[in-house]
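Survey of secondary and tertiary structure
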Amino acid sequence: MGVTCVCQVPVAEGKSVQQTVDMLHKKLEQLGAIKQGNFWVDCETYHATGNATGQPSKLLYVMHNSETPLSSMALFEGGPGLTADANFDVLMVKLKSHFQNAKGHKVESRGTRYRYCDFLVKIGTVAMSSSARGISVEVEYCACVIPGDCWNLMKEFMQSFLGSSTPELPAVFTNKAEGLYTPVDCMDTMSQYLELFGKVRKQQVLPGSGVR
Amino acid sequence: MAKSCFLQLIAQVQEVSLDGLETYVPLLSMSQNLAKLAQRIDFNQSSDSDEDGPERESREPWGKPEPEEDEGTVKFQPSLWPWDSVRNNLRSALTEMCVLHDVLSVLKDKKYMALDPVSQDPALTKTPQVFQLISKKKSLATAAQLLLKGAEKLTKSLAENQEQRRQRDFNSELLRLRSQWKLRKVGHKILGDLSYRSAGSLFPHHGTFEVIKNTDIDLDKKVPDDYCPLNVQIPSDLEGSAYIKVSIQKQSADIGDLGTVSLFRRQPKAKPGSQMWHLKLEAAQNVLLCKEIFAQLSREAVQIKSQIPHIVVKNQIISQPFPGLQLSISLCHSTGEKKSQRASPDKSKPDDHLYVLEHNLHQLIREVHTMPHPASSPFGHKRLRLAGPMAYDKAEISSLQQSEGLLEKIIKQAKHIFLRSRTARTIDSLASRIEDPQIQAHWSNINSVYESSVKVLITSQGYEQICKSIQLQLNIGVEQIRVVHRDGRVITLSHQEQELQDFLLSQMSQHQVHAVQQLAKVMGWHVLSFSNHVGLGPIESIGNASAITVASPSGEHAISVRNGPESGCKVLVQFPRNQAKELPKSDAVQDARWTHLRGPYREVHCGRMEGRNFVYKMELLMAALSPCP
């Protein structure tokens, strides 16, 4: 469990998603990272029903991560989050009357997992209803749990293989009430993924305008 | 007129004492009586006193009390004539007799008076006595009946006691048995369960024993002391006793033989009062446990893959934790009758190993037994329930889950024990062989089954405070030894004994040079150069040689020390040029002051120097070379 940074890598010009992913793999292997299996992160959306006022109902996102295979995380966008056992999904089925599953909105990111000394790099293809929409890169520095201490190191590492696509310090860490020097939680990772998935979802709307 | 008078023939009771003894008023003799009565008669007052006094006297006594009461105490004159009262009484008696006579004579005529009998209830007079008698008889009869009944019952029960003594003993024994073992009744038989199934074991042995009544006893003869009315019949394959023998044997010369230990062999001490059935059942359960452990081990030995495959032969498992080391686990089951021929030479080592291994084996088998648990809780470790909410990652989850089998664990433990004992032996042999410098080992008391640690200090005697730069922390694991040096280096050594020995020797040689460095500081000498691994001089086969050069405070002398693990120690002293025996003359250097510089070297024979150890010798040398001011 360490500090994670999730960012999106734009698809290279004239290349497909798969090709960009392969390029990144090659760069990592040149760096000396070792492939260590696969990973997946997925996100399901639930609408809260029974909303008296005409406001758009709040969306509940239930996410899973292969790094924590026995847990389910439930969070509202920008709001509180909950870490629970895998049985939480069954609970959501029972709460069908209050939370309705928006089946078409399931987003997931699957890919390979590389390990480079203390760094874990996960490069995944973000797919929504089995069409690849983007590339997610997650870098985790396992040796530290305080973002403020290791952000510079992580940035430098990311620059070495991401080049210009290196992100800034994720807003999750700066938005924390206690500041940059509090230990991280798995919720921070999930919030970052949620943000990324949200961006990816919106992205699709732009090219195919008019399609909801 | 009816006068009730009775003859006082029995003595009157004066008092009844507390123990029932009655004291009677003594009867008066005739003369005493006469005197008593005479005092009562008053012949002076009556005119018709008769002469036949004695007759009347004899008749009087019983009539006395009433006339006395009738007349009252008016005429009480003690100083009167003694026959006064007698006379009065006689007179009154005569009067009454005359009256009676008159009445009778009048009645005889039947003209003026008639006699009519008064009706009397015959039952009144007669029945009180008879009734009392009958009622007493009845009550006595009832009481007697009750007592008889009770006596009958007692005799009957006593008779039954004798007969059913066996029966009652059997029940009480059965109760005792039931308090310690599980029993159930199947038809007419009583069966018991001595397996570990209730603890969660999955071993397919039924473990049923039968309880039978022991009826081959003759009550008339004397009952033997160890007689037990209850007998248990255990399954035939659990008879006798069993134990597990673990032995670690060497196959090549350099690895020590750790010997043999027997686990689960100890006979449970027969507590006073414990019956034979208890011992029998415990022995049978022990056999079952040994069988289960051995079955589990042999199953794992066949299944798991390791570099050197394990061999399972009949009732022995042979595996090789280290090359050249053989670990054999065998199940020894001996039925009770025949004595085992091999007089098991148990090397009674002061064995922490025996209890620790046995305890470990108990714990391991308990972990194999899956405890019964409610259907709602999943299999596995309890802490896995927190895995979801606490977002455990894969590393944490896998650390919680058991992935090793029993045999692997035992082999790991055996490896660790072996490695630890060999490390200890290496250090001890070095310590006893080499006196300078000294090697100290401080073993940590708190170890785990897979890891122990020891702190090794290399010091010189007398200079412990100055020269303490070589301190090593050895963490002995399952297969490797990890050495952490004081200066931060971490070195991993394999299980080979030679590696550790070489390493320690090289550290010892480095210590000598470090000691000279520290000593120089204390003595005020300047360190000119110091190297842990010199590249000059003869090549050492173990480690590297170290060297140091120190200069005296005045700068006139310098000492160079080179110490190697194999080559030993070489000390050279540099003198000023003017002390050299042969002074090379040179035209270039003419000034006399240049002769104060250091020049030639001379070797010091350390072996011939005085001093307990090397550092002491160096101190002496330094002291000798610094002249007193």
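You'll find the structure just up there.
First, a word on scope: everything that follows refers to the structure included in this document.

Cut-offs and rules
Residues numbered from 1 in each chain as written. Chains lettered and ligands numbered in written order. Predicted model: local features only at pLDDT ≥ 70, side-chain atom pairs only at ≥ 80, totals over all residues. Heavy atoms only, no water. Helix = DSSP H or I, 4+ residues; strand = E, 2+ residues; numbered from the N terminus. Buried < 20%, exposed > 50% of the residue type's maximum accessible area, 1.4 Å probe, protein only. Polar contact = N/O pair within 3.5 Å; in protein donor to acceptor, adjacent residues only side chain to side chain. Contact = heavy atoms within 4.5 Å. Core = buried A, V, L, I, M, F, W, Y, C linked by side-chain atoms within 4.5 Å. 1 Å grid on protein atoms, 1.4 Å probe; cavity = no way out; pocket = protein on both sides within 12 Å on 5 of 7 lines; lining within 4 Å. Points joined across faces, edges and corners; volume = space filled by probe spheres on them. Nonpolar A, V, L, I, M, F, W, Y, C, P; charged D, E, K, R; others polar. Pairing = 2+ DSSP bridges. Axes fitted to C-alpha atoms, helices over the stretch in contact; angles between N-to-C directions. Salt bridge = Lys/Arg side-chain N within 4 Å of Asp/Glu carboxyl O.

What to know about the side chain of A:T189
Residue and element names in this part refer to chain A.
- Counting through the fold element by element, T189 comes out in helix α5 (residues 186–205).
- T189 gets classed as buried once you look at its relative accessible area, which sits at 5%.
- Among the polar contacts made by the side chain of T189, one reaches the side chain of T4 at a distance of 2.9 Å.
- In contact with T189, other than residues within four places in its own chain, are T4, V6 and E138.

Quick notes on the nonpolar core
- With 44 residues, the main nonpolar core has B:L177, B:L194, B:F209, B:L230 and B:L281 as its most contacted residues.
- Secondary-structure elements contributing two or more residues to this core are α5 (122–180), β5 (208–213), β6 (230–233), β7 (241–250), α6 (276–303), β11 (325–334), α7 (352–368) and α9 (406–433) of chain B.
- If we ignore the near neighbours within four places in the chain, the residues touching B:L177 are B:L183, B:V211, B:L230, B:V232, B:W277 and B:L281.
- Within the second largest apolar cluster, 28 residues are counted, among which are A:A33, A:C150, A:M158 and A:F173.

Considering empty space enclosed by the protein
- A full pass over the atoms with the stated rule returns four cavities of 30 Å³ or more.
- In this structure, the second largest cavity occupies an estimated 130 Å³ of space.
- Every residue lining the second largest cavity is listed: A:M1, A:T4, A:N65, A:E67, A:T68, A:K122, A:E138, A:E140, A:C186, A:T189, A:M190 and B:D393.
- No other element matches α5(A), which puts three residues into the lining of the second largest cavity.
- Residue composition of the lining of the second largest cavity, by class: three nonpolar, four polar and five charged.

Considering the sheet that holds strand β7 (residues 119–128) of chain A
All names here are of chain A.
- Taken together, the eight strands give an open sheet; going across it, the order is β1-β8-β7-β6-β2-β3-β4-β5, and neighbouring strands pair in antiparallel fashion. The open sheet has two edge strands, β1 (3–9) and β5 (81–85), and neither has a second partner. Adjacent strand axes in the sheet meet at a mean angle of 25°, parallel and antiparallel pairs treated alike.
- Examined bridge by bridge, strand β2 (residues 34–48) and strand β3 (residues 59–65) share seven bridges and lie antiparallel to one another.

Some remarks on the pairing of strand β3 (residues 182–186) of chain B
Residues and elements named next belong to chain B.
- Relative to strand β4 (residues 189–193), β3 runs antiparallel, the two being bridged by five bridges. The residue of β4 that forms the bridge with L183 is G192.
- Between the end of β3 and the start of β4, which pair antiparallel, lie two residues, with G187 showing a positive phi angle near 65°.

Some words on the sheet that holds strand β21 (residues 598–604) of chain B
All names here are of chain B.
- Pairing is antiparallel in the open sheet, where five strands are placed in the order β17-β18-β19-β20-β21. The outermost strands of the open sheet, each flanked by one partner alone, are β17 (526–531) and β21. Within this sheet the neighbouring strands show an average axis-to-axis angle of 20°, counted without direction.
- Where strand β20 (residues 568–576) lies against β21, five bridges are found, and the strand directions are antiparallel. Bridged to Q574 within β21 is Y601.

Structural notes on the pattern of salt bridges
Residues and elements named next belong to chain A.
- Counted by the stated rule, this structure contains 14 salt bridges over all chains.
- In this structure, E67 and R113 form a salt bridge, with 3.1 Å as the shortest nitrogen-oxygen distance. Here R113 lies in strand β6 (residues 99–116) and E67 lies in the loop between β3 and β4 (71–76), a separation of 46 residues in the sequence.
- For E67, a relative accessible area of 9% translates into the label buried.
- Exposure remark for R113: the relative accessible area of 11% places this residue in the buried category.

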